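Chain by chain, the residues run as shown.
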Amino acid sequence: MGDKTSADVTSPTIPTGSQWWREAVTYQLYIRSFADANGDGLGDVAGIRSHLEHLTTLGVDAVWINPWYPSPQADGGYDVADYRSVDPAFGTLDEGQQLIDEAHALGLKVMLDIVPNHTSDEHEWFRAALASPSGSPERDRYVFRRGQGPDGAAPPNNWRSVFGGPAWQRVTEPDGTPGEWYLHLFDTRQPDLNWSNREVRDEFLDVLRFWFDRGADGFRIDVAHGLVKDDALPDLVYTDESLLGATGFEGHPHWDLPGVHEIYREWRALADTYDPPKIFVAEAWVTDADRLSDYLRPDELHTAFDFDFVRSPWNADRLRATATASLAAHAKVGAPVVWVLSNHDITRHVTRFGRKQPEGEMPLFGAQGPVDVALGRRRARAALLLELALPGGVYLYQGEELGLEDIEDLPEEVLQDPTWQRSGHTERGRDGCRVPLPWAASGPSLGFGTGPGWLPAPSSWAELSVERQQDDPDSMLTLYRTALRLRRELPALGSGDGQPLRWLDLGADALGFTREPGFSCVINTGPAAVPIPDGEVLLASAPLDGVGVERRMVPADTAVWLRIS
Ligand code: BGC
């Protein structure tokens, strides 16, 4: 790098070729809440197509689109009725194809979302299962069992649904008598598939092929750790742990069983038949970084979200320890870490970081006490510079580039997350992180659509709209654009394959590291300013001037990128 300024750098490290996924920044499009082109209150494919420029200006490399398949939307589209089409509420298969083609023309990769653990109860397979007798091939595609007790009136075991209540639902047999029970680890409308059944495996290989052949560059795998169950269905001892974040343990009967790996070896073999190869990112909630890296062995999946990073509070020691463990575990299998701070299932990180930080793990669901949103935003700015400077890939969740917070006081009557119903109205669920994006400072849904959105955005979001932020040099949006541009330009950033990151010793409240060539990042998570190492400041998440006396300092809750010699 020598003494080049960022503007001089002409050889970007944009991921090209078949290894793009090792360092890509991927933008999560939660289609229901991104942009509503037809004014029905729900986001759609046309809405995404009309805002592709937002993504290219932001400077991301890829998009991940949440499930867009035909679905009764009992769980925001994670209840799929037909894996080979697009829900009419979102558009048509042709429009989906056009979106993929347009994104490609703009240099964006497209990841779709595959939901293999369960189908919708409106899927033709499940309808056939209900219409067929016990022991039939149609029932064997799902997990049907006789209930306990002389008349089978008690569920087969004590497993609980992630969304609350029992994980079993009894069916009425075609002859009208009370019959078998089927397993649903999520909503009753999401029956679990039986992955011991070869037909299920072949069907999903065919669905992957269907979308790969239409240009999808890869898939995010929903509940990747859940597909295989212990056939003996042993009872579980439940702890207080939030079920959605449940991670399993050695010997757990339905999370993270060794049998899942065989499935992903088959998927990888299929992905590798394409040129360039298709890729996967796993949503796998497992106990630790080593268990996660098992999914990333060379003949399995390419990447997996690092949820340990998500669960870290705003604390230098914890963030460093988590990053170190993740980097080490991934290095063992030659896979890049995928850093993430928010998604459509968890409390937005502005809100998480705006709370009193926990001693232990960061709670990811539910209101957890007072929130200082301004503090949360300040920390979110710093956290962005941390994750973009770490080696590997990054997933951004739509709206974080605007600094959106969770809306924890949505009126009860608008809540749609099945958690709200299934918890007997004790847990509000995840709608607070799914509120439609504010594109404009006015209008019934702040530019999301021509009418109201499916969830109401607070009027305070007018100030956070793209319209308000795009020309403001101090806005969150401008920080994202600048940081993403620099990340492409600076040779030290991105995958870091083969180039170790070196941690700096900055005391208990700050973390920092150097990367070659000539880059350093310092993040102050504590209340007192810390000195800036020698070097030229490339970017800071908050103003640095006026803090130090003899030399510039990094103020509280601030991060800085430096060029060092
Ligand atoms: C998805 C959730 C969904 C669940 C069941 C998850 O992990 O991200 O949104 O409710 O899987 O499909």
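This write-up is about the structure you can find in this document. (Residues numbered from 1 in each chain as written. Predicted model: local features only at pLDDT ≥ 70, side-chain atom pairs only at ≥ 80, totals over all residues. Heavy atoms only, no water.)

**Observations regarding the packing of aromatic side chains**
Under the definition given, this model contains 30 aromatic pairs. On the numbers, 6.1 Å between centres and 80° between planes, the contact of Tyr 27 with Phe 34 is edge-to-face. Assessed through its relative accessible area of 1%, Tyr 27 is described here as buried. Judged by centre distance (5.3 Å) and plane angle (70°), the ring pair of Phe 212 and Tyr 274 falls under edge-to-face. Linking Phe 212 in helix α6 (residues 198-213) with Tyr 274 in the loop between α7 (260-271) and β8 (279-282), this pair joins segments that are 62 residues apart in sequence. One exposure class covers both Phe 212 and Tyr 274, and it is buried. When the ring centre of Trp 454 is taken as reference, the NZ or CZ atom of Arg 32 above it lies at 4.2 Å. Over the ring of Phe 210 we find Arg 214; its NZ or CZ atom is 3.7 Å from the centre of that ring. (Phe/Tyr/Trp six-rings, centres within 6.5 Å; stacked < 30°, edge-to-face > 60°. Buried < 20%, exposed > 50% of the residue type's maximum accessible area, 1.4 Å probe, protein only. Helix = DSSP H or I, 4+ residues; strand = E, 2+ residues; numbered from the N terminus. Lys NZ or Arg CZ within 6 Å of the ring centre and 35° of its normal.)

**What about the sheet that holds β8?**
As a general point, the strands of a sheet are linked pairwise by backbone hydrogen bonds and lie either parallel or antiparallel. The eight strands lie next to each other as β9-β8-β7-β3-β2-β1-β11-β10, forming an open sheet whose pairing is parallel. Looking at which strands have only one partner, the edges of the open sheet turn out to be β9 (303-304) and β10 (338-340). Summarising the sheet, strand β1 (residues 25-29) and strand β11 (residues 393-397) pair through four bridges and their orientation is parallel. Following the sheet pairing, Val 25 is matched in β11 by Val 394. (Pairing = 2+ DSSP bridges.)

**Digging into helix α10 (residues 316-333)**
Between its terminal C-alpha atoms α10 stretches 26 Å, which fits the 26 Å expected from 18 residues at 1.5 Å a residue. Along α10, the residues classified as buried are Ala 316, Leu 319, Arg 320, Thr 322, Ala 323, Ser 326, Ala 329, His 330 and Val 333. Elements in contact with the buried residues of α10: α8 (289-294), α9 (307-310), β10, α12 (373-389), β12 (502-503) and β13 (510-515). With a side-chain oxygen positioned 3.0 Å from the backbone nitrogen of Asp 317, the residue opening α10 is Asn 315. At the exit of α10 stands Gly 334, carrying a positive phi of roughly 70°. (Expected span 1.5 Å × (residues − 1). Contact = heavy atoms within 4.5 Å. Polar contact = N/O pair within 3.5 Å; in protein donor to acceptor, adjacent residues only side chain to side chain.)

**Quick word on the pairing of strand β3 (residues 109-114)**
The buried fraction of β3 is high, at five of six residues. Bridge count for strand β2 (residues 62-65) against β3 is three bridges, and the pairing is parallel. Looking across to β3, one finds that Val 63 is bridged to Val 110. The handedness of the β2 to β3 crossover, carried by helix α3 (residues 93-105), is right-handed. Sheet analysis places β3 next to strand β7 (residues 218-221), joined by four bridges and oriented parallel. Note on β7: the bridge partner recorded for Asp 113 is Arg 220. (Right-handed = clockwise from strand over helix to strand, strands pointing away.)

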